[in-house]
Amino acid sequence: MNKLKRHTLVMNFDENLISKFNGENILITSDSFNLLNRTYDVVNQNNKLVNVTVYTQSALTSIKFLENWNRIPLALYLPSMGSYRMFFHMLPVLRQMNLRIYLPVSNNQNIIDVQMMASLGIFAGIYFDKKPINWEKVKELAFYSQYSKSQHAPVEPFHHISSKYKSDETLDFNAVYYNDPNQFLHINNEGKVALTYQLLKEGKFALESYLQINTLKENEDFVNYNTAWQRHFLDKTTCSYCPAWRICMGKFESSIDAEKSCQQLFVEVLEGAENHQEKNKRKPEKVWQL
Amino acid sequence: MANILLTQQCIRSCPYCFAKQHMSENAPDDTLTWENLMYIVDFFDASNEKHFSLLGGEPFLHPNFIDIVLYLRERKFRTNVFTSGVMSNKMFEEAIKEFAPITPNQLSFVVNVNDPKKTSFSELETVKRFLRAFGHFSSLSFNVYREDFDMDFLVQYINEYGLKRHIRLGLAHPIPGVKNSHIKPDGMRDMAKNLMSFIPKLNANKISVGFDCGMPMCLFTDEEMGILYKHAGGQLKFTCGPAVDVGPDMSVWTCFPLSNYKKTTLFDFDNVQQIRRYYSKMMNAGKSEIHGIFEACDDCEWRTEKLCSGGCYAHSVSKFHNEPENLRKLEEVINNE
Amino acid sequence: MAVIIFKATEKCNANCIYCGVVKKANQEVMDFELLTDIFKKINVYLLKFPKEKVSFTWHGGEVAMLGADYFVKAYEILQAECPDTQKRIEHLVQSNMTALTQELLDIWKKLGMNSIGTSFEPVDGIRGLGKNRDSVAYNKRFFQGVNLAEKNGFKWGFIYVVNKKSLENPMEIFHFLTNMNLKSSPMMNKMYDYGDDETGLAINQDEYADFLGALFPYWWKNRKRYASVKPFNMFYESIINGKIQMGCEYMGHCTNKWIYIGPTGDTAQCGRAGDFGIMKYPSIKEHTLEEILFHKDRKPIDERQIKLAETECKDCRFWELCHGGCVLDAYMSSGNYESKSPNCGWMQKFLIKYFEPVTGVKINLYHPNSKKRIQENKNQKAEIKK
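Residues numbered from 1 in each chain as written. Chains lettered and ligands numbered in written order. Predicted model: local features only at pLDDT ≥ 70, side-chain atom pairs only at ≥ 80, totals over all residues. Heavy atoms only, no water.

Colleague: What's the story with the interface of chain A and chain B in this structure? I'm lost.
Modeller: Often, the extent of an interface is quoted as the loss of accessible area upon association of its parts. At the junction of the two partners, chain A supplies 16 residues and chain B supplies 15 residues. Note on chain A versus chain B: buried area summed over both sides is about 1,500 Å², and carbon and sulfur give 55% of it. The three residues of chain A that bury the most area against chain B are Arg-85, Phe-88 and Ser-150 of chain A, which together make up 36% of that side's buried surface. On the surface where chain A and chain B come into contact, there are five salt bridges. Glu-98 of chain B is the partner of Arg-85 of chain A in a salt bridge, and the nearest nitrogen-oxygen pair spans 3.5 Å. Connecting chain A to chain B are nine residue pairs in polar contact (both at pLDDT 80 or more). Element by element, the count of residues in the side of chain A that touches chain B is highest for helix H3 (residues 84-96) of chain A, at six residues. Here the side of chain A that touches chain B is composed, by residue class, of seven nonpolar, five polar and four charged. (Contact = heavy atoms within 4.5 Å. Buried area = accessible area lost by both parts, 1.4 Å probe. Salt bridge = Lys/Arg side-chain N within 4 Å of Asp/Glu carboxyl O. Polar contact = N/O pair within 3.5 Å; in protein donor to acceptor, adjacent residues only side chain to side chain. Helix = DSSP H or I, 4+ residues; strand = E, 2+ residues; numbered from the N terminus. Nonpolar A, V, L, I, M, F, W, Y, C, P; charged D, E, K, R; others polar.)

Colleague: Would you mind showing me how to read the pairing of strand E4 (residues 107-112) of chain B here?
Modeller: Successive residues of a regular strand alternate their side chains across the two faces of the sheet. Residues and elements named next belong to chain B. Of all six residues in E4, six are buried; the element is thus mostly enclosed. Burial of the side chains of E4 extends over both faces: Leu-107, Phe-109 and Val-111 are buried on one face and Ser-108, Val-110 and Asn-112 on the other. Summarising the sheet, strand E3 (residues 78-83) and E4 pair through five bridges and their orientation is parallel. Along E4, the bridge assignment pairs Thr-79 with Leu-107. (Buried < 20%, exposed > 50% of the residue type's maximum accessible area, 1.4 Å probe, protein only. Pairing = 2+ DSSP bridges.)

Colleague: In this structure, what is going on with the interface of chain A and chain C? I would like to understand it.
Modeller: Taken together, the contact pairs 22 residues of chain A with 21 residues of chain C. Surface buried jointly by chain A and chain C totals about 2,000 Å² across both partners, of which 54% is contributed by carbon and sulfur atoms. Among the residues of chain A in contact with chain C, Phe-233, Tyr-241 and Arg-246 of chain A are the three that bury the most area, contributing 29% of the side total. Between chain A and chain C we count five salt bridges in total. The partner of Glu-169 of chain A in a salt bridge is Lys-183 of chain C, and the shortest N-O contact between them spans 3.9 Å. Contributions of two or more residues to the side of chain A that touches chain C are made by helix H9 (230-234), helix H10 (245-248) and helix H11 (261-281) of chain A. At four residues, the largest contribution of residues to the side of chain A that touches chain C is made by H11 of chain A. Looking at the side of chain A that touches chain C, its residues break down into 10 nonpolar, five polar and seven charged.

Colleague: How should I be thinking about empty space enclosed by the protein in this particular structure?
Modeller: All names here are of chain A. All told, the structure shown has five cavities of 30 Å³ or more when counted by the stated rule. Its volume calculated, the largest cavity comes out at about 130 Å³. Lining the largest cavity are 15 residues, and of these Cys-239, Cys-242, Cys-248, Cys-262 and Gln-263 sit closest to its centre. Every element with two or more residues in the lining of the largest cavity is listed here: H10 and H11. Tallying contributions element by element places H11 first for the lining of the largest cavity, with three residues. A class-by-class count of the residues in the lining of the largest cavity yields 10 nonpolar, three polar and two charged. (1 Å grid on protein atoms, 1.4 Å probe; cavity = no way out; pocket = protein on both sides within 12 Å on 5 of 7 lines; lining within 4 Å. Points joined across faces, edges and corners; volume = space filled by probe spheres on them.)

Colleague: Just to check I follow, could you spell out the pattern of salt bridges for this structure?
Modeller: Opposite charge on two side chains permits them to pair, given that their charged atoms come into close proximity. On inspection of all chains with the given rule, the structure shows 44 salt bridges over all chains. A salt bridge links Glu-202 of chain A to Lys-204 of chain A; its shortest N-O distance comes to 3.2 Å. Residue Lys-201 of chain B is joined to Asp-152 of chain B by a salt bridge in which the shortest nitrogen-to-oxygen separation is 3.0 Å. Pair noted here: Lys-201 of chain B is in helix H7 (residues 188-204) and Asp-152 of chain B is in helix H6 (residues 152-161), with a separation of 49 residues, a long-range link. What you see here is one network of salt bridges that share partners, running through Arg-85 of chain A together with Asp-67, Glu-94 and Glu-98 of chain B.

Colleague: Help me understand the sheet that holds strand E5 (residues 138-144) of chain B, please; the structure alone is not making it clear to me.
Modeller: As a general point, the strands of a sheet are linked pairwise by backbone hydrogen bonds and lie either parallel or antiparallel. All names here are of chain B. Strand order in the open sheet formed by 10 strands is E7-E6-E5-E4-E3-E2-E1-E8-E9-E10, and the pairing between neighbours is mixed. The sheet terminates laterally at strand E7 (208-211) and strand E10 (264-265), the two strands that pair on one side only. As judged from the three bridges shared by strand E1 (residues 3-5) and strand E2 (residues 51-55), these two strands associate in the parallel manner. Bridge pairing in E2 links Leu-5 to Leu-55. Strands in contact with helix H2 (residues 34-46) are E1, E2 and strand E8 (245-246); relative to E2, the strand with the most contacts, it is inclined by about 150°. (Axes fitted to C-alpha atoms, helices over the stretch in contact; angles between N-to-C directions.)

Colleague: Explanation requested: the sheet that holds strand E3 (residues 48-55) of chain A in the structure shown.
Modeller: All names here are of chain A. With respect to topology, nine strands assemble into an open sheet ordered E7-E6-E5-E4-E3-E2-E1-E8-E9, the strand pairing being mixed. Of all the strands in the sheet, the pair left with one neighbour each is strand E7 (155-156) and strand E9 (193-194). Here six bridges tie strand E2 (residues 25-30) to E3, and the two strands are oriented parallel to one another. Each bridged residue has a counterpart across the sheet, and for Ile-26 the counterpart in E3 is Leu-49. Helix H2 (residues 36-46) contacts E2, E3 and strand E4 (73-77) of the sheet and is inclined by roughly 155° relative to E3.

Colleague: Which parts of the structure should I look at to understand the nonpolar core?
Modeller: Soluble, globular proteins show a tendency: their nonpolar side chains are buried together. If you look at the biggest cluster of nonpolar residues, it comprises 186 residues, and the most contacted ones within it are Phe-87 and Phe-266 of chain A together with Phe-99 and Phe-220 of chain B. When residues of this core are assigned to their parent elements, the largest contribution, eight residues, is made by H7 of chain B. With near-sequence residues (within four places) excluded, Phe-220 of chain B lies in contact with Arg-189, Ala-192, Leu-195, Met-196, Phe-211, Met-215, Met-225, Leu-228 and Phe-238 of chain B. Counting residues in hydrophobic clusters, the runner-up holds 108 residues, among them Ala-2, Trp-220, Phe-232 and Cys-344 of chain C. (Core = buried A, V, L, I, M, F, W, Y, C linked by side-chain atoms within 4.5 Å.)

Colleague: I keep staring at the domain arrangement of chain C and nothing clicks. Help me out?
Modeller: All names here are of chain C. Under the domain assignment used here, chain C contains domain 1 (1-152 + 257-293) and domain 2 (299-385). For domain 1 versus domain 2, the distance between C-alpha centres works out to 33 Å. Contacts between the two partners involve seven residues from domain 1 and, on the opposite side, eight residues from domain 2. Among the residues of domain 1 in contact with domain 2, Arg-272, Ile-278 and Met-279 are the three that bury the most area, contributing 78% of the side total. If you look at where domain 1 meets domain 2, you find one salt bridge. At the boundary of domain 1 and domain 2, one finds one residue pair in polar contact (both at pLDDT 80 or more). (Domains from an automatic or database assignment.)

Colleague: Sorry if this is basic, but what is going on with the side chain of His-91 of chain C here?
Modeller: Mapped onto the secondary structure, His-91 of chain C falls in strand E3 (residues 89-93). Each residue touching His-91 of chain C, except ones within four places of it in the same chain, is listed here: Phe-39, Phe-56, Trp-58, Leu-78, Leu-111 and Met-113 of chain C.

Colleague: Can you walk me through the arrangement of the chains in this structure?
Modeller: Among the two pairs of chains that make contact, the interface with the largest number of contacts is formed by chains A and C. Taking C-alpha atoms only, the smallest gap left between chain B and chain C, which are not in contact, amounts to 23 Å.

Colleague: Sorry, what's going on with the environment of Asn-112 of chain B here?
Modeller: All names here are of chain B. Topologically, Asn-112 is positioned in strand E4. Since its relative accessible area comes to 14%, Asn-112 is described here as buried. For the pair Asn-112 and Asn-143, spaced 31 residues apart in sequence, the C-alpha separation works out to 7.8 Å. In contact with Asn-112, not counting residues within four places along its chain, are Arg-12, Tyr-16, Thr-83, Ser-84, Ser-141, Phe-142 and Asn-143. A polar contact is formed between the side chain of Asn-112 and the side chain of Tyr-16, at a distance of 2.9 Å. Within the local environment of Asn-112, its side chain forms a polar contact with the side chain of Asn-143, the two groups lying 3.1 Å apart.

Colleague: Got a minute to help me understand helix H5 (residues 135-151) of chain C in this structure?
Modeller: Count 3.6 residues to each turn of an α-helix, and residues three or four apart come out pointing the same way. Under the 1.5 Å per step criterion, the end-to-end length of H5 of chain C is 24 Å for 17 residues, consistent within 8% with the ideal 24 Å. Summarising the contacts, the buried residues of H5 of chain C are in contact with H9 of chain A together with helix H4 (102-110), strand E4 (115-119), strand E5 (155-162) and helix H6 (170-180) of chain C. Where H5 of chain C terminates, the next one or two residues include Gly-153 of chain C, which has phi positive at roughly 80°. (Expected span 1.5 Å × (residues − 1).)

Colleague: Is there a simple way to think about the pairing of E2 of chain A in this case?
Modeller: Residues and elements named next belong to chain A. Note that strand E1 (residues 8-12) and E2 share five bridges and pair parallel. Looking across to E2, one finds that Val-10 is bridged to Leu-27. Of the crossover connections in this fold, the one passing from E2 over H2 to the parallel E3 is right-handed. (Right-handed = clockwise from strand over helix to strand, strands pointing away.)

Colleague: Which parts of the structure should I look at to understand unusual backbone geometry?
Modeller: Both trends apply: most residues other than glycine have a negative phi, and most peptide bonds are in trans. Here Glu-156 of chain A and Pro-157 of chain A are connected by a cis peptide whose omega angle stands at 5°. Pro-231 of chain C follows Lys-230 of chain C through a cis peptide bond whose omega is 10°. Secondary-structure assignment places Pro-231 of chain C in the loop between helix H7 (205-221) and helix H8 (232-240). In this model, Lys-206 of chain B sits at a positive phi of 55°, which is unusual for a non-glycine residue. For Lys-206 of chain B, the position within the fold is in the loop between H7 and E7. Looking at Lys-206 of chain B, the relative accessible area reads 66%, which means it is exposed. Phi at Val-244 of chain B is positive, roughly 75°, even though this residue is not glycine. Within the secondary structure layout, Val-244 of chain B lies in the loop between helix H8 (222-231) and E8. Overall, the relative accessible area of 0% leaves Val-244 of chain B in the buried class.

Printed below as a string of structure tokens:
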């Protein structure tokens, strides 16, 4: 099979499926913590494990972390952080892990907790579940992520936006959640390929087999996905007039409120990303020394 | 060291309390939120000041007090807590358990105690319980509001509970516009004499006394100054400068007695140094306009040399509080700075 | 460099409301015999002037209507007639993007093209296909063209024609246009109006200045993000960075550089002159390229510069940005080449009312020989010395 080096293949832990790949970047999704070590060993035999992403209904503080998980790059999608007391007690263990924690943005407490975790050196982020968002709170989190003068761990998706932003390109931060078919492809146990996690769940496959991945560039679904943004300009949606279009691309079209709160947030995030670029440009070049 | 108010609530009702008016004007359930705390910690971190004091009201009354201390420890902050030592059993047990792994260089308590003869039995027992458990973290604070104060019990506490061998002695100051117990200027000399009477005992017990701000130098004779100098190892303070207090609502003021005077907000500043500069400037401008607590302060060489501030600034502002014209002139001078 | 606006056809599949070419309704297509003759003459010109280059812009109408085969043939002719000079011929193309095909792009690549100039209009009913000016269908095909072009590695940049409809919500228009293509920013031109506007869409000088003025503070604040939006970046480069980079209408030295060649070999001063049938020169059939580029009828353009600097534009502090404006506009409004263009109205208003207050820069770009400029320079030196 031709390798598409830039794609990470996202799949469940299925040893039979994994054995068909060689030299690929593989990301495993799971709904439990069982078999984490086995996953690590099996995938890394002939491929590279990008991370294991666990989607669970347990709060962070109710998870019992095992010491030997510290070799496994882990991403956790959790409903909440849990009690602060327990979190502080767990910190020494968490800090040994190679860990990212994502909480749903719809709960205001989660937004505070993401900042809490980041302030203590834990890579954390929000993800957008399909529920009403407190845009003001998200704005505060974005401001913290981009402007805080105190050191902290990255906060997603703002870290991604700041670090990947280029002024002459749009930026799809769905990549943070593996939903960018230019970087991630989702494969089911039968080897069929979907462009996003949602499409995989819905059984909508772009390719009947992973063996066809090298035809992706010409694949109609793939092309349509990458040109779907043009609909906004054909239909002249509110998003097409948004000053922050380039880093959002209409993700919140269905939930635009009268104050255009999403626009207010992303305009500030865009300015933060530009500041970040500017600061990095001004860093002095390294000078070779003995 | 700056002070962060966790809560406006207090269990006690000390007659000299200089936080009285501030607390009466603010909602009792106004406590510092996690968001504001994180902002404050970042603010101080970015200012390269990784230490501050936690105050109230009574900081232990904050529902998340323990977690706050644990958080500050994780952020590598050195925390000093001003407390009465009076708290519920539940809070006490929790503190014992959770502070066990913390070392005294990460956490310290300044326990503000009152004369046992003027304290209820139950309160006294609670305080002693605290001192017994956290003696190695704690030092004592005592506020003088009467000329005939007693310090013997302080010596006893330090010896009995193994406390740090230092007493912070504060002089209760008047709050502009409020009637709180304090020593009037004409009673201060007697207060000073009374203090000097305790120095031999403190020396014998190897306990040092340090003055909080606002103690006038002229209260002591030259001979007394020499004794004090030796007692304090040369560390004597007779000046009054900005402390920097931050309220739960992120408002900032220079010190509690002046908590309603030139209040600002933390969001107006980029760092702690800026706040100090702002309030120093304000106080210096004011001090140039008004003399200290005594008439003689106006021509005092020690004041000119900035060895003494002429007592608490709040004293002087308090005087002007009932003189609108003078207050207006003072405002003008400060605003023009 | 000589700039040839080459219209092998003026046929168009679109029906843009303000287009002067559409009104001509010229359906002719240049035959290959004439095309061969033209390339021969370009070759002669370039052989005579070894340091010269030619910018050959395929224009229209809509060039895609020529079809890929036409360009294949053109390529063959080019190779046959300009074997040693074709490297000094830079092919550019202007297209509405709605009729692109893979075959067209393939041959355009062979001609060395890698970008397409185009135009776009967000408001429906102004650009469209067919008699009814179907904008929905037009825009759909526009984006299909964009996708095909980008797939083939072509960049694209576009002009936006500011019209009455634009005035309703300038910022929305601005964001829409700048969002559409992040790799290239729009050029916002005023809709040309020579007193014959039947559409009701033409805007006057003030309206254009105010449109730009409504956008400018935002652009200024975010100029790094929108670095190449025109005309703002032209003013920025010219005034702030001191590198005069205004469009051809304002550069004052188009005399012997530009030429329009139409489907039957008719020529004129430039593309716009050809569209409006003014400033015509003899047919390329009977003359060499050099003869037309240096035709005696072009002299008034040079003389115009000298005259304006001594008369109407003598004390204008925006001279170096404008040079009296486009000679065509001057002719269309006054009937002669010697007067300044009426378009200086919008520029002055924009610069005085918006540019200078927002940027804090006082513009001093008088004619180099102007006494005022000399005095201003003296004053500035004195200030610096103080």
